[in-house]
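# Examination of the molecular architecture
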Amino acid sequence: MIKVKNLTKTYVKNKALDDISFSLNEGDILGFLGPNGAGKSTTMNILTGYLSADSGTVEIDGRDIFEDPAGAKKKIGYLPEIPPLYNDMTVEGYLEFMFKLKKIKLPMKEHISAVCDTVRITDVKGRIIKHLSKGYRQRVGLAQALLGDPPVLILDEPTVGLDPQQIIEIRKLIRSLGKKHTVILSSHLLSEVQAVCDKIIIINKGRIITSGLTDQLTSTGKSTNRIELVIEGRMPSVYSMLKRIDGITNVSERGECEKGCYSYIAESSKDVRRLIFRTFAKTDYNILLMKPVSVSLEDIYLDIISGKSEGENNNVSDI
Ligand code: ADP
Ligand code: MG
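This section reports on the structure supplied with the text. (Residues numbered from 1 in each chain as written. Chains lettered and ligands numbered in written order. Predicted model: local features only at pLDDT ≥ 70, side-chain atom pairs only at ≥ 80, totals over all residues. Heavy atoms only, no water.)

Okay, the sheet that holds strand β2 (residues 14–24) next. Reading across from one edge, β2-β1-β4-β5 is the order of the four strands in this open sheet, with antiparallel pairing throughout. Both outer strands of the open sheet, β2 and β5 (63–64), are each paired with one neighbouring strand and no more. Where strand β1 (residues 2–11) meets strand β4 (residues 55–60), five bridges bridge the pair, whose relative direction is antiparallel. Among the inter-strand pairings, lysine 3 is bridged to a residue of β4, identified as glutamate 59. Lying over the sheet, helix α1 (residues 40–47) contacts β1, β2 and β4, oriented at roughly 120 degrees with respect to β1. (Pairing = 2+ DSSP bridges. Helix = DSSP H or I, 4+ residues; strand = E, 2+ residues; numbered from the N terminus. Contact = heavy atoms within 4.5 Å. Axes fitted to C-alpha atoms, helices over the stretch in contact; angles between N-to-C directions.)

Considering all chains together, one arrives at five aromatic pairs under this definition. Each ring, one from tyrosine 50 and one from tyrosine 78, has its centre 5.6 Å from the other, and the planes form 40 degrees; the classification is tilted. One end of the pair, tyrosine 50, is in the loop between α1 and β4; the other, tyrosine 78, is in strand β6 (residues 76–79), and 28 residues separate them in sequence. Note on tyrosine 50: relative accessible area 55%, which makes it exposed. By relative accessible area, which is 9% here, tyrosine 78 ends up buried. Here tyrosine 86 and tyrosine 94 contribute two aromatic rings whose centre-to-centre distance is 6.2 Å and whose plane-to-plane angle is 55 degrees, an arrangement assigned as tilted. When its relative accessible area of 44% is taken as the criterion, tyrosine 86 is described as partly exposed. Look at tyrosine 94 and you get buried, because its relative accessible area is 0%. (Phe/Tyr/Trp six-rings, centres within 6.5 Å; stacked < 30°, edge-to-face > 60°. Buried < 20%, exposed > 50% of the residue type's maximum accessible area, 1.4 Å probe, protein only.)

Burial of α1 is extensive: seven of the eight residues sit out of reach of the surface. Where α1 is concerned, the buried positions are Lys40, Ser41, Thr42, Thr43, Met44, Ile46 and Leu47.

What follows concerns the side chain of arginine 139. When you line up the elements, arginine 139 lands in helix α5 (residues 134–146). Aside from chain neighbours lying at most four places away, what touches arginine 139 is Val119, Arg120, Ile121, Glu169, Ile170 and Leu173.

What follows concerns the site of ligand 1. What surrounds ligand 1 is the set Tyr11, Asn14, Ala16, Pro35, Asn36, Gly37, Ala38, Gly39, Lys40, Ser41 and Thr42. In this structure, tyrosine 11 approaches ligand 1 through a side-chain N or O atom, which is 3.5 Å from a nitrogen atom. The backbone of glycine 37 places a nitrogen or oxygen atom 2.7 Å from an oxygen atom of ligand 1. About the coverage of ligand 1: the protein hides 60% of its 560 Å² of free accessible area. Going through the elements one at a time, β2 and α1 are the ones with two or more residues in the shell around ligand 1. Examining the composition of the shell around ligand 1, we find that three residues originate from one element, α1, more than from any other. Across the shell around ligand 1, the residue classes tally to four nonpolar, six polar and one charged. (Near = heavy atom within 4 Å. Polar contact = N/O pair within 3.5 Å; in protein donor to acceptor, adjacent residues only side chain to side chain. Areas by Shrake-Rupley, 256 points an atom, 1.4 Å probe, with all protein chains shown as cover. Nonpolar A, V, L, I, M, F, W, Y, C, P; charged D, E, K, R; others polar.)

Residues Tyr86, Phe97 and Leu101 make up a contiguous nonpolar surface patch of roughly 300 Å² in combined accessible area. Tracing the chain through its elements places tyrosine 86 in the loop between β6 and α3 (91–101). (Patch = residues over 30% accessible without salt bridge, like charges linked within 9 Å, V, L, I, M, F, W, Y side chains within 5 Å. Salt bridge = Lys/Arg side-chain N within 4 Å of Asp/Glu carboxyl O.)

Dropping the structure here:
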């Protein structure tokens, strides 16, 4: 549905995007996660045809955004960081205006009424936009993006500035939109993309740092294998046995957790659970617990924000 290849964008001297590539299938909800200035809005503005790129290609449902901008734009509903609302119009007046501007060929009244139902603004249709709460204005922005029933929705930080209750409602709404649309949303909040998206791309300083399925990224973290162990028996001997197991790169001892039983964290370059089991099965030391420990996505993201892992770059994401 969406294919992005080798996008690069420089503002004067500032390289905002550096070789961004990814692709999405129909019905995916992708979270574009990154701190401020990471390049999220720049990417979205290029995807939606509002900004040119220095190099690279973007294909939306088979249409090239640079070669066939009108065709590609028809496939996209866009909610920019600052929703393009006309504050003195009524909600309905504004949506009719946008409907005509987009030259949509659907029965206008029925379509607008269906869209208003979807984002639950039917009861405020006659109100002047500037009198609405921020949460409702955001819904009107979403309604605008949904006009014409585009297969792709691009939402730039859709929950910024909303109160917690409004955030919950907008997230729920986006998830439900994901059933019928391919959605890309950006956020600087890990918890948000985890709650809403099934795929995540983490971007920092214009580069893709990590990408994958939310579940996988959340459960396994990176390639690091970490196992928590509780083993009954003399600590120094168990410790040195663990250290000698092929594939284990580091062992830390976490103290005595029950009488005569010690807890350890073993880090390894591959899955060593069977090897650990067989090694200790031959001895008098008993394994009482063996459990993979995930490196949380939060740890990865915190490293990025604190600047520890900015050098890493898996440019071509396979999602
Ligand atoms: P995000 O949306 O992730 O916060 P942006 O895409 O807005 O990030 O910005 C990426 C980088 O490009 C930042 O360093 C920002 O300062 C720079 N930038 C964004 N827009 C402009 C612009 N119009 N002119 C110059 N630099 C810009
Ligand atoms: Mg932004």
